[in-house]
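Residues per chain are reported as follows:
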Amino acid sequence: MADRASRLRSEARTLLDQGIAYAPVIAALAIAESLLGNTDEVERLVDYLSFFRCVTIHPSGDVDDAAFRTILVRELSSHASYREKQKGKAGAGHYAFDVLDEQTPACRLLAQELHRQVVRYIAALPPLAGHPFVTSCPVRFALRGWSVATSGDDHFEPHIHPQAWLSGIYYLARPEVSRDVDAQRGWLHIGPPMQLGVSAEQGWSERSVEPVPGRLVLMPGYFYHGTRPTFCDETRICVAFNVVPEELDSVPPGAT
């Protein structure tokens, strides 16, 4: 295991030295450092204080926020085509793609607000010299978003977004059961990829996020995250999106 982890670290560092600092490369380095027991380096890469944001946003202008979200859900249902997950996706649910390109009023307002929030996030990045996430911050980028509706045992296994420099989630609707802070049904979980042999004990800490409507989550594309099922008939709805560097925007999406 140590030999494989050492090779993985060497390969990831070689790519980073060549300026190839995309999400899968940084994730691979974090995994390797974790498996090798280098907790300080893992904490530097998976730095929640510097790179994780969870805020409430108000994209609605003159419209009440709750009313805005109702209108947005209606637009998504009317103008976007939901379909069940494609093979290779990280979990079950119904997707509607390209929602930030919709020209309906609420979708346009949301796209504008998310762009403002990304610009604000970039401006607040700490000057961490040599950190691959900071140094790979794109000068030009595109926002690519999709909405997801889940219920019952739908959930997402831990995964990253390979094409994303930054990933985000904006919550629109939640089931009543998600209010239970102990059960955390329907909550977002960010943490180590345990399926790859990594645990929180190796320096990769965890966070759980309640899906409160109006809440926006921003995190690096290499942060592993998944969701817990709600086990109820009510629907959990969110808009997820990627901040995609210009040079990757024409690349067909992978398992995001």
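Below you will find a few notes about this structure.

Here is what the cut-offs are and how they apply
Residues numbered from 1 in each chain as written. Predicted model: local features only at pLDDT ≥ 70, side-chain atom pairs only at ≥ 80, totals over all residues. Heavy atoms only, no water. Helix = DSSP H or I, 4+ residues; strand = E, 2+ residues; numbered from the N terminus. Rg over C-alpha atoms; globule rule 2.2 N^0.38 Å. Buried < 20%, exposed > 50% of the residue type's maximum accessible area, 1.4 Å probe, protein only. Contact = heavy atoms within 4.5 Å. Areas by Shrake-Rupley, 256 points an atom, 1.4 Å probe, with all protein chains shown as cover. Lys, Arg positive; Asp, Glu negative; His and termini not counted. Charge placed at Lys NZ, Arg CZ, Asp CG, Glu CD. Phe/Tyr/Trp six-rings, centres within 6.5 Å; stacked < 30°, edge-to-face > 60°. Pairing = 2+ DSSP bridges. Axes fitted to C-alpha atoms, helices over the stretch in contact; angles between N-to-C directions. Polar contact = N/O pair within 3.5 Å; in protein donor to acceptor, adjacent residues only side chain to side chain.

## What about the overall build of the protein?
Assigned secondary structure in the protein consists of seven helices and 10 strands. Whereas a compact globule of 256 residues would reach a radius of gyration of roughly 18 Å, the protein reaches 18 Å, a difference of no more than 12%. By principal-axis analysis of the C-alpha atoms, the protein measures approximately 55 × 40 × 30 Å. Considering the protein as a whole, with its 256 residues, one finds that 50% of them fall into the buried category. For the protein, the proportion of contacts with a sequence separation of at least 24, taken over those separated by at least 6, is 79%. When the accessible surface of the protein is totalled, it reaches about 12000 Å², and 51% of it is carbon and sulfur. Here the protein carries 24 positive and 31 negative side-chain charges, and the mean point of each set is 2 Å from the other.

## Structural notes on the packing of aromatic side chains
Counted under the stated rule, the structure contains 10 aromatic pairs. Judged by centre distance (6.2 Å) and plane angle (85°), the rings of Y95 and F156 are edge-to-face. Of this pair, Y95 sits in strand β3 (residues 94-97) while F156 sits in the loop between β4 (141-150) and β5 (166-173); the two residues are 61 residues apart in sequence, bridging distant segments of the chain. A relative accessible area of 3% places Y95 in the buried class. Look at F133 and W165: their rings are 4.4 Å apart centre to centre, the planes differ by 5°, and that puts the pair in the stacked class.

## Details of the pairing of strand β10 (residues 236-245)
In terms of burial, β10 is a largely internal element, 10 of the 10 residues being buried. Taking every second residue as pointing to the same face, both faces of β10 are buried, with R236, C238, A240, N242 and V244 on one and I237, V239, F241, V243 and P245 on the other. Note that β5 and β10 share seven bridges and pair antiparallel. Looking across to β10, one finds that L166 is bridged to V243.

## Digging into the sheet that holds strand β6 (residues 188-190)
Spatial ordering of the open sheet is given by β7-β6-β9, a layout of three strands whose pairing is antiparallel. Strand pairing shows two members of the sheet lacking a second neighbour, β7 (207-209) and β9 (225-227), which therefore form its edges. Shown here is a sheet whose adjacent strand axes are inclined to one another by a mean of 20°, direction ignored. The pairing of β6 with β7 spans three bridges and is classified as antiparallel. Note that in β7 the partner of L188 across the bridge is V209.

## Observations regarding the environment of H94
Relative to the helices and strands, H94 resides in strand β3. What makes H94 partly exposed here is its relative accessible area of 34%. Each C-alpha atom of the pair H94 and T14 lies 39 Å from the other, and the pair is 80 residues apart in sequence.

## Overview of the side chain of S50
Positionally, S50 belongs in helix α4 (residues 48-51). Among the residues examined, S50 registers a relative accessible area of 12% and is labelled buried. There is a polar contact of 2.8 Å between the side chain of S50 and the side chain of D47.

## Overview of the environment of A149
Structurally, the position occupied by A149 is in strand β4. A relative accessible area of 15% means that A149 is categorised as buried. Expressed as a C-alpha distance, the spacing of A149 and P211, which sit 62 residues apart in the sequence, is 13 Å.

Shape is all these values report; function is a separate question.
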